[in-house]
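A closer look at the structure
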Amino acid sequence: MYHQPVLKNRRTLLERAEKFISDIYFTDCNLRGRLYGDSCPLESITSFLSCKRIPFTEAAQQNFSPYKIGDTFGPTWWTCWFKVNLKIPVNWRGKEVHLLWESDGEAMVWRDEQPVQGLTKEGEKTSYILTDCLKDEEPHSVTLYVELACNGLFGAGQGSMIAAPDPNRKYSVQKAELVVFNRDVRELLTDFEMLIDIVKQLGEGEQRGYQALFTVNEMVNLCDPTKASSYSKARSLAHKFFSQQNGQSQHTVHAMGHCHIDSAWLWPYEETIRKCGRSWVTAIHLMEKNPEFMFTCSQAQQFQWVKTWYPGLFSQIQHYVKKGQFIPVGGTWVEMDGNLPSGESMVRQFLEGQRFFHKEFGLHCKEFWLPDTFGYSAQLPQIMQGSGISRFLTQKLSWNLVNVFPHNTFFWEGLDGSQVLTHFPPGNSYGMEGKVEDLVNTVKNNKDKGRANHSAALFGFGDGGGGPTQLMLDRLQRVQDTDGLPKVWMSAPDRLFSELQADSALLCTWTGELFLELHNGTYTTQAQIKRGNRQCETLLHDIEVASSLALSRGEAFEYPVKQLQELWRLLLLNQFHDVIPGSCIEMVVEDALRYYEDIRRVGGGLLDDACRALLSKEQKGDAHAVFNSLPWERNEVIQLQDTAGQPGLALVSVPSVGLATVKNTQPVAPVSVTVQADGTVLMANGILQTIVNKNGSLASLHLVNANREAISDGCHGNQFVMFDDVPLYWDAWDVMDYHLQTRKPVLEVVQPVQIVSSGGLRGSVSFTLRISDKSTITQEIVLDAMCPYIKFNTQVEWAESHKFLKVEFPVRVRSPNATYEIQFGHLQRPTHRNTSWDWARFEVWGHKWADLSEHNFGVALLNDCKYGYSVHRNIMTLSLLRAAKAPDANADMGTHHFTYAIMPHTGSFQDASVIQCAYNLNFPLRLIRSAPGTVPWSALSVSDPAVILETVKQAEDRKGSLVVRLYESHGSSVTTMLRFTLPVREAWHCDLLERPDPTQPAHITPDGIILNFSPFQIVSLLLHL
Ligand SMILES: [Zn+2]
């Protein structure tokens, strides 16, 4: 059958085949040169330039002027609209006709006022199919509009992808014409490409590779590019090869269309809306032609955008969701960062997401989907399970810089013991192209060979959108069951996970967090975003608590359902995995900060309204009352303004989740502040005694009752240090291990320590240090009466380049592990560098506190808006500010305000109330005007300090019912009583989606509701008032 002689020369045979389909060499005589037939110019092309992103209807009414191919337009972020009039020649009857469009930027084709297809060179989409087979009766004259965004798939980085965008870039259309497209050539080219790839990928060790080689060689012999009639012989040879089937034991690859669209990254939120439109309309178009094609799509926020901006497209999506081809996944509002959002924020990601998917598509997602996020909290398994999800897909841990993660398919066990079936696609990508290489890698890289015989392959251009192409589908279609390659199923996540679950006996279990050994600078970069997130999380918490209490008082209070949902959605959006980590361009930072401002402004009003509604008419007046949203009694010094507007201090005592008026209470022990002979300042409050050096560092920090010194011998606490911070590539993302070698203490004093408050209720001192000729630190060290920690109110003027500012506390504690707060709990990480897994965590994340304790003594480091920590041996370090230059050239430049605190304690951190103190530092007591002598009252409290009442809110869709959420924070099994003075009629346990569990009524006793907790368990209750 073969044309002889076929000599034993693998290389020439292979390269001969490659040249036969090359788009560079021999296109005059090879097959590739035959892809297009006749061409014909457009009738006319005119354009209109807009600095704004406007809707089609508005654009169509503008004045379009003639456009000449090659003319430039711009600048970056503008939009050029084209009106294209074309006339298909009648003699192209029976041909497939395309509009060939090669341009910079990202384009959308509009036809009959509807979006119909995306066009991007980078996403390999350069033609719009006008007709598959031209018929006489179909219209030959067509008008199309092309909306061209002046930015690439990956924004407009100046010089490199992640560099700050070039605002002045010019764009052009290089080609726009009608062409005859030879489908039979395209099909044969795909056969050739796949066979050549099989030869290359299987290599010289596999006989199947040689079978592909001789097949493809003979196809060249059989095929005369000038004679379409010769193609079928070559095609049938290819078909014979592809249809030689696999054995039954072969690995199965579940191919799923996907299009990862970052909700904002190297482009602003507004452009993402259009990216969704372009990418998804293209996916829908592919579904129409390929009924087996399935497309997975996450992020409820993006669906919401498309619903608002492209309602026609959205109803098509609803249709294909019903058909099971367009598959919503993930269940969250956005693909959020997996480390920094609070526990309640993570719950809300699922609550908003799942409720949206249920409302619009009648389903809840069954898989959590987060392929591109920088680490995954150990509480996620419990939060997923509580949100109706027991499966998880990501691949990001393949980016680990130090250790190779040992599994691809495994059970991931969270902090509380909850497990989810987890799959990392072994191809280590969420943007495959359906190539042989993707399939071979999926089998080769699978670290669970013999344990898991199914894997996912996500294909489609991603990050900037784009998604799958017809060519990718054609490639996969050819090798569905081809000996030598894995089986390929066009599949959906449900099918993959069902197969994995059915054969899971040998799967391993990974316990605890999935820590990404890369991108550890993202705990610190863009400090204003981090601060906005923490403050707004706190504010929304307080609004919900106060509004719930106002509601329960039965008066005419309207719970602000709609406004709160809007504010939550803004907060959740900013938690996207390139926004809260700070890895976005400056335009995105500006948007994000504006959203936080909106939350503060609108939320501030809502909180005032709710607090006012807590008082009856008779209780209103001009005296001060204080609202405490936290579930324990607080005794704190607060700042007041008297009726004349003069500032003053007061020591207040406020019950758990309640109110009290301000009385003139005197502390048991007042604060004393004394300048000593050597110029240092001694501050004491009966609990703590500290000596502040002239440069603001602490020479001593003494825990009075225990007679224990917290600062290491010969060392100073509150020591600022600077590091050179030059990563290998990912500037805003990465801080590398070697930065630790460049440590330099900040020692230059501008203003030595001086007394600000001389004692009584509050003692404080302030000082200023010079970091460089451009940057300074000014700090007030505050010690309040009755307070077990010292606060450091800090202001930094920051104008550095590739530097990292931290503060150190060398403490007199020895322990192999430090503890860090995470969502609804805490975990431990090593303080030593024994193994590569230990030292790879040289910079870690935590929330409001970290603690280093030995038996019966420890020191906690609290903060009000920071997330980066490291504890090495006995040195506790808080990461304060970075100065990355890409993708935002001005990241973190300017003035920063933040507060941290140091708290030595006896006993364990649990017994010493470190957790409660960190909450107190973050949730300020809120002042209200009331009548003097208003009786203090408490709405809710919990009898066991291990259990924290985290959330009180109105139930979704249930006016007059509340949801309360509690968690066990110590890591213990406890039974506790939830006490309340609210008129609760009935109570039920419910999940995080607020669905009551009919098997679990919560029994109401005269004292309250008895609740059982296992370590770090989250419990939600539905309370009917
Ligand atoms: Zn991403």
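For the structure itself, consult the block above.
Summarised in this report is the structure supplied together with it.

Thresholds, definitions, all that
Residues numbered from 1 in each chain as written. Predicted model: local features only at pLDDT ≥ 70, side-chain atom pairs only at ≥ 80, totals over all residues. Heavy atoms only, no water. Helix = DSSP H or I, 4+ residues; strand = E, 2+ residues; numbered from the N terminus. Rg over C-alpha atoms; globule rule 2.2 N^0.38 Å. Buried < 20%, exposed > 50% of the residue type's maximum accessible area, 1.4 Å probe, protein only. Contact = heavy atoms within 4.5 Å. Areas by Shrake-Rupley, 256 points an atom, 1.4 Å probe, with all protein chains shown as cover. Lys, Arg positive; Asp, Glu negative; His and termini not counted. Charge placed at Lys NZ, Arg CZ, Asp CG, Glu CD. Donors = N, O, S within 2.8 Å, 3.2 Å for Na, K, Ca; no water. Tetrahedral: all angles 85-135°; square planar, octahedral: opposite > 155°, others 65-115°. Phe/Tyr/Trp six-rings, centres within 6.5 Å; stacked < 30°, edge-to-face > 60°. Lys NZ or Arg CZ within 6 Å of the ring centre and 35° of its normal. Polar contact = N/O pair within 3.5 Å; in protein donor to acceptor, adjacent residues only side chain to side chain. Pairing = 2+ DSSP bridges. Axes fitted to C-alpha atoms, helices over the stretch in contact; angles between N-to-C directions. Core = buried A, V, L, I, M, F, W, Y, C linked by side-chain atoms within 4.5 Å. Parallel < 35°, antiparallel > 145°, perpendicular 65-115°, else oblique. Nonpolar A, V, L, I, M, F, W, Y, C, P; charged D, E, K, R; others polar. Salt bridge = Lys/Arg side-chain N within 4 Å of Asp/Glu carboxyl O. Expected span 1.5 Å × (residues − 1). Patch = residues over 30% accessible without salt bridge, like charges linked within 9 Å, V, L, I, M, F, W, Y side chains within 5 Å.

Attention now moves to the overall build of the protein. The helix and strand tally for the protein stands at 18 helices and 56 strands. Taking 2.2 N^0.38 as the reference for a compact globule, 1025 residues should give roughly 31 Å; the C-alpha atoms of the protein span a radius of gyration of 32 Å, in line with that estimate. With respect to the principal axes defined by its C-alpha atoms, the protein has extents near 100 × 60 × 60 Å. Counting over 1025 residues, the protein shows a buried share of 62%. In the protein, 74% of the contacts between residues at least 6 apart in sequence involve partners at least 24 apart. A total accessible area of about 37,700 Å² is found for the protein, and carbon and sulfur atoms account for 49% of it. Positive and negative charge centroids in the protein, built from 94 and 112 side chains respectively, lie 2 Å apart.

It is worth spelling out the coordination of the zinc ion at this point. Only His 260 (NE2), Asp 262 (OD), Asp 372 (OD) and His 577 (NE2) from the protein coordinate the zinc ion, and they sit 1.9 to 2.2 Å from it. Seen from the zinc ion, its 4 donor atoms lie at angles of 89 to 155 degrees, and the figure they make is irregular. Going along the chain, you hit the donors of the zinc ion in the pattern H-x1-D-x109-D-x204-H. With Asp 262 in the loop between strand E12 (252-258) and helix H6 (269-289) and His 577 in the loop between helix H15 (561-574) and helix H16 (586-613), this pair connects stretches of sequence that are 315 residues apart. A residue is classified by how much of its surface remains accessible, and Asp 262, at 1% relative accessible area, is buried. Classification of His 577 as buried rests on a relative accessible area of 0%.

Turning our eyes to something else, we now look at the environment of Phe 842. Residue position: Phe 842 is located in the loop between helix H17 (836-839) and strand E40 (844-845). Taking the C-alpha atoms as reference points, Phe 842 and Thr 661, separated by 181 residues in sequence, lie 47 Å from one another. When near neighbours in sequence (up to four residues on either side) are disregarded, Phe 842 contacts Asn 520, Val 735, Met 736, Asp 737, His 739, Leu 740 and Ser 870.

A few words now on the packing of aromatic side chains. By the definition in use, this model includes 53 aromatic pairs. For the ring pair Tyr 729 and Trp 730, a centre distance of 4.9 Å and an interplane angle of 85 degrees mean the geometry is edge-to-face. Using a relative accessible area of 40% as the deciding quantity, one classes Tyr 729 as partly exposed. The rings of Trp 280, Phe 293, Phe 295, Phe 303, Phe 314, Phe 326, Trp 333, Phe 356, Phe 357, Phe 361 and Phe 459 are connected pair by pair, giving a single aromatic cluster. When the ring centre of Phe 241 is taken as origin, the NZ or CZ atom of Arg 208, which lies over that ring, is 3.7 Å away.

Turning to the side chain of Gln 349, a few remarks are in order. Positionally, Gln 349 belongs in helix H9 (residues 343-361). Within the structure, the side chain of Gln 349 is placed 3.1 Å from the backbone oxygen of Leu 572, a separation counted as a polar contact. With residues near it in sequence (within four places) discarded, Gln 349 still touches Gly 331, Thr 332, Trp 333, Val 334, Met 336, Leu 572 and Gln 575.

Another point: the sheet that holds strand E8 (residues 114-119). Here we have 6 strands laid out as an open sheet, ordered E3-E2-E5-E10-E7-E8, and antiparallel in their pairing. The sheet is open, and its two edges are formed by strand E3 (65-66) and E8, each paired on a single side. Here strand E7 (residues 106-111) pairs with strand E10 (residues 141-149) via 5 bridges, running antiparallel. Bridge pairing in E10 links Ala 107 to Leu 148. The strands that H6 touches are strand E5 (79-87), E7, E8 and E10; relative to E8, the one it contacts most, it runs at about 95 degrees.

Turning our eyes to something else, we now look at the nonpolar core. Grouped together as the largest cluster of nonpolar side chains are 268 residues, with contacts concentrated most on Trp 280, Phe 326 and Leu 805. Broken down by element, this core gets its largest block of residues, 11 residues, from helix H14 (residues 527-552). Apart from the residues within four sequence positions on either side, Leu 805 is in contact with Phe 720, Val 721, Met 722, Val 746, Ile 771, Ile 777, Val 796, Trp 798, Ser 879, Leu 880 and Leu 881. If you look at the next biggest cluster of nonpolar residues, it comprises 31 residues, including Val 84, Trp 92, Leu 144 and Leu 178.

This part is about the packing of helix H7 (residues 300-309) against H9. Where H7 contacts H9, the two axes come as close as 9 Å, and the packing angle between them is 40 degrees. The pairing of H7 with H9 is recorded here as oblique in orientation. Judged by residue contacts, Ala 300, Phe 303, Gln 304 and Lys 307 of H7 engage Gly 353, Phe 356, Phe 357, Lys 359, Glu 360 and Phe 361 from H9. Its residues placed into classes, the contact of H7 with H9 shows 5 nonpolar, 2 polar and 3 charged.

The next subject is the pattern of salt bridges. Taken as a whole and judged by the stated rule, the model has 56 salt bridges. Among the salt bridges present, the one from Glu 544 reaches Arg 348, with a minimum N-O distance of 2.8 Å. Of this pair, Glu 544 sits in helix H14 while Arg 348 sits in helix H9; the two residues are 196 residues apart in sequence, bridging distant segments of the chain. Close ionic contact of Lys 791 with Asp 784 constitutes a salt bridge, the shortest N to O distance being 3.8 Å. Side by side, Lys 791 and Asp 784 carry an identical accessibility label, which is buried.

With that settled, the discussion passes to the sheet that holds strand E47 (residues 937-938). Strand order in the open sheet formed by 4 strands is E46-E22-E25-E47, and the pairing between neighbours is antiparallel. The strands lining the two open edges of the sheet, one partner per strand, are strand E46 (926-930) and E47. Examined bridge by bridge, strand E22 (residues 623-628) and strand E25 (residues 658-661) share 4 bridges and lie antiparallel to one another. Bridge pairing in E25 links Phe 627 to Leu 659. Seen against the sheet, H14 touches E22, E46 and E47 and runs at an angle of roughly 105 degrees to E22.

Turning to the pairing of strand E45 (residues 894-906), a few remarks are in order. Across 9 bridges, strand E36 (residues 790-798) lies against E45 in antiparallel orientation. Each residue of the ladder has a partner; that of Glu 797, found in E45, is Thr 895. One ladder, built from 7 bridges, connects strand E42 (residues 857-863) with E45; its direction is antiparallel. Note on E45: the bridge partner recorded for Ala 860 is Met 903.

This paragraph deals with H6. Between its first and last C-alpha, H6 extends 31 Å over 21 residues, near the 30 Å set by a 1.5 Å rise per residue. The buried fraction of H6 amounts to 17 of the 21 residues, a majority that puts the element mostly inside the structure.

A separate point is the environment of Tyr 171. Note on placement: Tyr 171 falls in strand E11 (residues 171-181). Each C-alpha atom of the pair Tyr 171 and Ile 529 lies 32 Å from the other, and the pair is 358 residues apart in sequence. Apart from the residues within four sequence positions on either side, Tyr 171 is in contact with Asp 71, Thr 72, Phe 73, Gly 74, Pro 75, Thr 76, Asp 104, Gly 105, Cys 150, Asn 151 and Ala 156. There is a polar contact of 3.2 Å between the side chain of Tyr 171 and the backbone oxygen of Cys 150.

This part takes up the side chain of Lys 396. Within the secondary structure, Lys 396 is located in the loop between strand E16 (391-393) and strand E17 (409-413). Looking at Lys 396, the relative accessible area reads 2%, which means it is buried. Filtering out sequence-adjacent residues up to four positions away, Lys 396 remains in contact with Pro 371, Asp 372, Thr 373, Phe 374, Tyr 376, Leu 516 and His 519.

A surface patch of nonpolar side chains, amounting to about 390 Å² of accessible area, comprises Met 161, Leu 728, Tyr 729 and Tyr 738. Accessibility expressed as a relative area gives 31% for Met 161, which makes it partly exposed.

End to end, helix H3 (residues 183-202) covers 29 Å across 20 residues, agreeing with the expected 28 Å (1.5 Å per residue, within 8%). Of all 20 residues in H3, 16 are buried; the element is thus mostly enclosed.

Below, the discussion takes up the pairing of strand E38 (residues 817-822). Burial of E38 is extensive: 5 of the 6 residues sit out of reach of the surface. Taken together, E38 and the strand that follows it, strand E39 (residues 825-830), pair antiparallel across an intervening segment of 2 residues, in which Phe 824 is found at a positive phi of about 50 degrees. When E38 meets strand E41 (residues 849-854), the two strands line up antiparallel, connected through 2 bridges. From the neighbouring strand, Tyr 820 faces E41, where its bridge partner is Ala 850.

Cis geometry marks the peptide bond from Gly 74 to Pro 75, where omega comes out at -5 degrees. Cis geometry is found at the peptide bond from Ala 886 to Pro 887, where omega equals 5 degrees. Following the sequence through the fold, Pro 887 ends up in the loop between strand E44 (875-882) and E45. Although it is not a glycine, Glu 124 adopts a positive phi angle of roughly 55 degrees. Of note, Glu 124 is situated in the loop between E8 and strand E9 (127-131). The backbone phi angle of Asn 856 is positive, close to 75 degrees, even though this residue is not glycine.

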